[in-house]
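Each chain, letter by letter, is given below.
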There are 2 protein chains.
Amino acid sequence: MTERNETTIAIDAMGGDHGPKVTIAGAALALERRPDTRFMLFGDETAMREALADYPALQAASSLHHCEVSVRMEDKPSQALRQGRHKSSMWRAIDAVKTGEADVAVSAGNTGALMAMAKFCLRTMAEIERPAIAAIWPTLRGQSIVLDVGATIGADAQQLIDFSMMGGAMARVLFGLERPTVGLLNIGVEEVKGQDEIREAGRLLKETPIERIDYHGFVEGDDLGKGTVDVVVTEGFTGNIALKTAEGTAKQIAAYLKAAMTRTWLAKLGYILAKSAFDRLRDKMDPRKVNGGVFLGLNGIVIKSHGGTDAEGFAAAIDLADAMARHDLMNKIAADLESFHRRLSAETKDQSESTQT
Amino acid sequence: MTERNETTIAIDAMGGDHGPKVTIAGAALALERRPDTRFMLFGDETAMREALADYPALQAASSLHHCEVSVRMEDKPSQALRQGRHKSSMWRAIDAVKTGEADVAVSAGNTGALMAMAKFCLRTMAEIERPAIAAIWPTLRGQSIVLDVGATIGADAQQLIDFSMMGGAMARVLFGLERPTVGLLNIGVEEVKGQDEIREAGRLLKETPIERIDYHGFVEGDDLGKGTVDVVVTEGFTGNIALKTAEGTAKQIAAYLKAAMTRTWLAKLGYILAKSAFDRLRDKMDPRKVNGGVFLGLNGIVIKSHGGTDAEGFAAAIDLADAMARHDLMNKIAADLESFHRRLSAETKDQSESTQT
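- Chain A appears in an unreviewed UniProt entry as Phosphate acyltransferase from Fulvimarina manganoxydans.
- The annotation that UniProt attaches to chain A under Subunit (unreviewed entry) is "Homodimer. Probably interacts with PlsY."
- UniProt, in the comment section headed Sequence similarities (unreviewed entry), describes chain A in these words: "Belongs to the PlsX family."

Topic: the relation of the copies chain B and chain A
Moving on, step 1. Taken as rigid bodies, chain B and chain A are interconverted by a rotation of 180° and an axial shift of 0.0 Å, the fit giving an RMSD of 0.1 Å. The two molecules are tied by a two-fold rotation axis, judged by turn and shift. Taking C-alpha positions as the reference, the residue of chain B nearest the rotation axis is G270 of chain B, at 1.8 Å.
Moving on, step 2. The residues that chain B uses at the interface reappear at the interface of chain A in 100% of cases, marking a shared surface.

Description of the interface of chain B and chain A
Moving on, step 1. Taken together, the contacts link 47 residues of chain B with 47 residues of chain A.
Moving on, step 2. Between chain B and chain A, a total of about 4500 Å² is buried, with carbon and sulfur atoms accounting for 75% of that surface.
Moving on, step 3. Taken as a group, I187, F237 and Y256 of chain B account for 15% of the area that chain B buries against chain A, more than any other trio of residues on that side.
Moving on, step 4. Taken together, the links from chain B to chain A amount to 2 salt bridges.
Moving on, step 5. Of the charged contacts, one joins E220 of chain A and K244 of chain B as a salt bridge, the two residues approaching to 2.3 Å between their closest N and O atoms.
Moving on, step 6. Applying the counting rule to chain B against chain A returns 8 residue pairs in polar contact (both at pLDDT 80 or more).

Quick look at the pattern of salt bridges
All names here are of chain A.
Moving on, step 1. Counted according to the given criterion, the structure contains 38 salt bridges over all chains.
Moving on, step 2. Close ionic contact of R203 with E200 constitutes a salt bridge, the shortest N to O distance being 3.1 Å. Placement of the pair is R203 and E200 together in helix α8 (residues 196-207), with a separation of 3 residues, close to one helical turn.
Moving on, step 3. The partly exposed category is assigned to R203, whose relative accessible area is 37%.
Moving on, step 4. Shared partners join several salt bridges into a network, and the residues in it are R33, R34, D36, E312, D319, D322 and R326.

Some remarks on the domain arrangement of chain A
Interface size is commonly expressed as the accessible area that is lost once the parts come together.
All names here are of chain A.
Moving on, step 1. Splitting chain A by domain gives domain 1 (7-123 + 298-326) and domain 2 (137-289).
Moving on, step 2. For domain 1 versus domain 2, the separation of C-alpha centres amounts to 27 Å.
Moving on, step 3. Contacts between domain 1 and domain 2 engage 10 residues on the former and 7 residues on the latter.
Moving on, step 4. For the domain 1 face of the interface with domain 2, the top three residues by lost area are M115, H306 and M324, together amounting to 42%.
Moving on, step 5. On inspection of domain 1 and its partner domain 2, the count reaches 0 salt bridges.
Moving on, step 6. Remark: the boundary between domain 1 and domain 2 carries 0 residue pairs in polar contact (both at pLDDT 80 or more).
Moving on, step 7. For the side of domain 1 that touches domain 2, the leading source of residues is helix α13 (residues 311-326), giving 6 residues.
Moving on, step 8. Tallied by class, residues from the side of domain 1 that touches domain 2 come to 5 nonpolar, 3 polar and 2 charged.

Looking at the environment of H65 of chain A
All names here are of chain A.
Moving on, step 1. Among the secondary structure elements, H65 is positioned in strand β3 (residues 62-66).
Moving on, step 2. Considering only alpha carbons, one finds H65 and G236, 171 residues apart in sequence, at a separation of 34 Å.
Moving on, step 3. Sequence-distant contacts of H65, defined by excluding residues within four places in its chain, comprise M40, L41, F42, G43, M48 and R92.
Moving on, step 4. Within polar-contact distance, the side chain of H65 engages the side chain of S63 at 2.7 Å.

What about the sheet that holds strand β4 (residues 104-107) of chain B?
Residue and element names in this part refer to chain B.
Moving on, step 1. Strand order in the open sheet formed by 11 strands is β3-β2-β1-β4-β11-β10-β5-β6-β9-β7-β8, and the pairing between neighbours is mixed. The strands lining the two open edges of the sheet, one partner per strand, are β3 (62-66) and β8 (214-219). Geometrically, the sheet is characterised by an average inter-axis angle of 25° between neighbouring strands, direction not taken into account.
Moving on, step 2. Bridge count between strand β5 (residues 132-138) and strand β6 (residues 143-147): 5 bridges; the pairing is antiparallel. Within β6, the residue paired with A135 across the bridge is V146.

Criteria and thresholds
Residues numbered from 1 in each chain as written. Chains lettered and ligands numbered in written order. Predicted model: local features only at pLDDT ≥ 70, side-chain atom pairs only at ≥ 80, totals over all residues. Heavy atoms only, no water. UniProt positions renumbered as here; feature names shortened; annotations may be inferred. Least-squares fit on C-alpha atoms with pLDDT ≥ 70 in both. Contact = heavy atoms within 4.5 Å. Buried area = accessible area lost by both parts, 1.4 Å probe. Salt bridge = Lys/Arg side-chain N within 4 Å of Asp/Glu carboxyl O. Polar contact = N/O pair within 3.5 Å; in protein donor to acceptor, adjacent residues only side chain to side chain. Helix = DSSP H or I, 4+ residues; strand = E, 2+ residues; numbered from the N terminus. Buried < 20%, exposed > 50% of the residue type's maximum accessible area, 1.4 Å probe, protein only. Domains from an automatic or database assignment. Nonpolar A, V, L, I, M, F, W, Y, C, P; charged D, E, K, R; others polar. Pairing = 2+ DSSP bridges. Axes fitted to C-alpha atoms, helices over the stretch in contact; angles between N-to-C directions.

What follows is the structure, encoded as structure tokens:
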């Protein structure tokens, strides 16, 4: 796989619940892991300098870009655009991707505002109608990619196919797979099940196979945790509900486990003996490890980190951003889309010619 | 709360992956818990008699009804209706509710066929456009009711309101609450979020409050596990995906936990010491304990058990059926609907009169 040697990552230092304290500490962690990374930090200069004081290596690897405006976590997308276009740390981090100064932008700011700004600044790709947010989902097999987890509500068949291609490209980059398996999320695996759009997308994916993905068919909610396929495709409403339901269930079971393990002396003793096992489990379930939603379908890659994450979690979002940039996700998606649409128009031409004879 | 002293439960003895062996053993367990229950058992007489041999008490409390046809787990709804109407064990169990011989029917047969037969035989209630399947969801607060988890795809605002009323009535019966809290499942809690139908339903529930429910507003996927509200309302596609996603996540974490606890000697020892705690946890997460989807909105109550469950799980579905019948769920739903529609038409009349003056 081709790899770029150096990446420049634009950071919205003011995003998230904790601002520069977390974003800059997270960037410092990410830099330790890949010392050839360069950062562009956008935000209030005083606050950034203060947070940078502890990290001389990061300071040396970064350029600082003062911004007067910070988008707040509670700002509505329209409000954020009105007040923050061209001048907020969020906008300028995204804009650095547009101008080519940075390879990718990372923000822990609010999702609605970030998507609105990213769409406005980067625009959707020529062949794509709607962007999607892709999440990394821990599974029994390892990890899968699930999209859309909340960029827009609803998707028609063509949009679901676009999501399949974009998710497939991301799986190739992230998991190093030649031809990732892709499933459409549905309420049954039979062809007659589900909404019209999903059945239509399934039919099209069968009839016009996409070179770089291996279409598996429909999958159900419990296939997410099993890791039945590498990429699960759904529209944003269902995807968002599924993601939050899984997060909620994991928290619920962790709470049950904690209550059970502290109820009796014997259980407490057992817990102490098995502590390394519990640590392993906690590690597996750690939401910080899979932090980062990838905005796909725009002319540039933007990564959304959880707003409430800590430095470790923000570093994970930067790791993800770095992987997307190093392996050139953008061009892979563009190439896949182009080849698909070329093949599609060739087929349409074939058909119209055969109709004429 | 008014309670009936005796219930008669119609059992589709042939339904499920294991047939009479499990359904009859399950009924025997349920009878031990409530010796005043009466059963009508529908199925192949030879197979039922064989399974009954070990349970003389159940035999004494049951009437047997021989049926030549059994609906298979893989039958399509249309196929099941064609081959099994009037004569299959599934149909006849439902029909016993229609004729009033039984108070409620229980089947572990396939969901699609059961819903098709239940709709065809019992018909939807006068005020209800579409039935729903309600599931019981274990939460950090105890239990909630979630509907629809897969009866039909999509729901308009009025249908979501119907679901709210039916789920509310079920929560009153099952949890003994005066005025259960109800939330609409959405991808954000702000009023501007989500599909039109959900926003419209939310607006109507605010403007025309329903006497017997306490409308909470929108809830998100992670509120399911938290137990933020007593009743979570959604359309069947999203509800089904959420339910299966939660089940899949629970299984995934159980697998992680098992792997962690058997990896080292110390962990194994810790596991042995904390065994009672793990048993408690397993008990909490036991899907058999909350087995049973309740079909609401039909002129009679039908309970769907998991097809693959064992006797303990099937007994839990019978327990649920019994509770619904003893506390007269049907009449509670009917009364709520009537009072709501009377109030609605009175308001419409008021409005048209005030328009005329």
